Amino acid sequence: METLTTIVGYIIYASLGLIALWGAFCVILVWRRVEQTRFYSEEEQDEFLDRVDEGLAVGDFDAAAEVCRDDDRAMPQLVLLAISKRNIGYAKLRSLVVDRFQRDVLADLEYRLSWVYTVIKAAPMVGLLGTVIGMMGAFGKLASQDQQKTNPTVLADDISLALITTACGLAIAIPLVLSTASINVRIRKMEDLVGAGLTRLLETMRSVLSKSGGGGRRSQ
C-alpha cells in the first residue's frame, strides 16, 4: 500500500505539473490572440476608420481596402469583408459582417478560453484526488500498526502528499481565474469597440452604395 501511494503521488505531482503548463500555455495564446485582434483605444480605431472613409467617400473601394492590407486585427478584416461583399445588398452585408465577427472572432476566443476554464476546474480536482490518496495512505499505515507504537513521522509523507497536492491545485487555479477575468474584460472592451466601428462602417457603406448603385470605382 505504501509503495502504491508513493507511485500515485508521483503521478499526481506530474499531472499537476502538466496541467499547470497547459493552463499557462492556453492563457498566453488567448492573451496574444486578443492583443492581436483589437485596437487599443477608440481614438486609434477612429483614426483607422478615417483613412478608410477617405476612399469610401469617393467610391474608391480599392483605396479603402488598401488601408486594411496586412492588418490582422478584427476591424480591418471586417472592413475588407464588407468591401468584397458590397454587391449583396446592405441588409445581407450587415448580417454577414456581424455574423463573421461573432463566429470568427468571439467564438474563436470563447473556444480558446474553454480550455483555460477546463484547467481551472481540473487542477483543484486533481489536487483533491491527491488529498484523498494521501489520507488513504496515512489511515492504511495506522490500521497496519499498533496504535500505541505508531510514530507520527511515519504518517508525515502521506499527510504531506495530501496537503501539497491540494495547495498545488489551488495555486494553479487561482492565477488562471484572475488571468481569465482580465482577458474577459479586454474581450468585452474589444466587442464594444468593434460594435461601434461596425456601426460607423455600415452607415458609411450604406450611404456610398446608395449613391454608386453598389459598384464603386473598380481597379483598372
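A. Structural context of the overall build of the protein. Looking only at helices and strands, one finds six helices and zero strands in the protein. Along its sequence from the N terminus, the protein presents helices and strands in the succession α-α-α-α-α-α. Nonlocal contacts in the protein, meaning residues at least 24 apart in sequence, comprise 80% of its contacts between residues at least 6 apart. Counting every atom, the protein has about 12,500 Å² of accessible surface; 60% of that belongs to carbon and sulfur.

B. Structural detail: the environment of Phe 61. Considering the arrangement of structural elements, one finds Phe 61 in helix 3 (residues 61-68). What makes Phe 61 buried here is its relative accessible area of 0%. Residues Phe 61 and Ser 84 lie 23 residues apart in sequence; the distance between their C-alpha atoms is 8.8 Å.

C. Seen up close, the environment of Val 67. Along the chain, Val 67 turns up in helix 3. Sequence-wise, Val 67 and Leu 80 are 13 residues apart; in three dimensions their C-alpha atoms are separated by 9.3 Å. Ignoring anything within four residues of it in the chain, the contact list for Val 67 reads Phe 48, Arg 51 and Val 52.

D. Local environment of a nonpolar patch on the surface. Nonpolar side chains collect at one region of the surface, where Trp 22, Phe 25, Leu 29, Tyr 111 and Trp 115 lie side by side and expose about 520 Å² of accessible area between them. Taken together, the elements giving at least two residues each to the nonpolar patch come down to helix 1 (2-37) and helix 5 (90-144). Considering every element that reaches the nonpolar patch, the biggest residue donor is helix 1, with three residues. Within the secondary structure layout, Tyr 111 lies in helix 5.

E. Quick look at the confidence of the model for the protein. Across the protein, the average pLDDT comes to 85, with 88% of residues at or above 70. This model gives residues 214-220 a pLDDT under 50, and the stretch forms 17 contacts once residues within four places in sequence are excluded.

F. Main features of the nonpolar core. Residues Phe 48, Leu 56, Met 75, Val 79, Val 194, Leu 201 and Met 205 are the most contacted members of the largest nonpolar core, which totals 52 residues. When contributions to this core are tallied by element, the ones reaching two or more residues are helix 1, helix 2 (42-57), helix 3, helix 4 (74-84), helix 5 and helix 6 (156-212). Those residues within four positions of Phe 48 in sequence are excluded, and the remaining contacts are Phe 39, Val 67, Cys 68, Met 75, Pro 76 and Val 79.

Each value, and the rule that gives it
- Residues numbered from 1 in each chain as written.
- Predicted model: local features only at pLDDT ≥ 70, side-chain atom pairs only at ≥ 80, totals over all residues.
- Heavy atoms only, no water.
- Helix = DSSP H or I, 4+ residues; strand = E, 2+ residues; numbered from the N terminus.
- Contact = heavy atoms within 4.5 Å.
- Areas by Shrake-Rupley, 256 points an atom, 1.4 Å probe, with all protein chains shown as cover.
- Buried < 20%, exposed > 50% of the residue type's maximum accessible area, 1.4 Å probe, protein only.
- Patch = residues over 30% accessible without salt bridge, like charges linked within 9 Å, V, L, I, M, F, W, Y side chains within 5 Å.
- Salt bridge = Lys/Arg side-chain N within 4 Å of Asp/Glu carboxyl O.
- pLDDT = per-residue confidence, 0-100.
- Core = buried A, V, L, I, M, F, W, Y, C linked by side-chain atoms within 4.5 Å.

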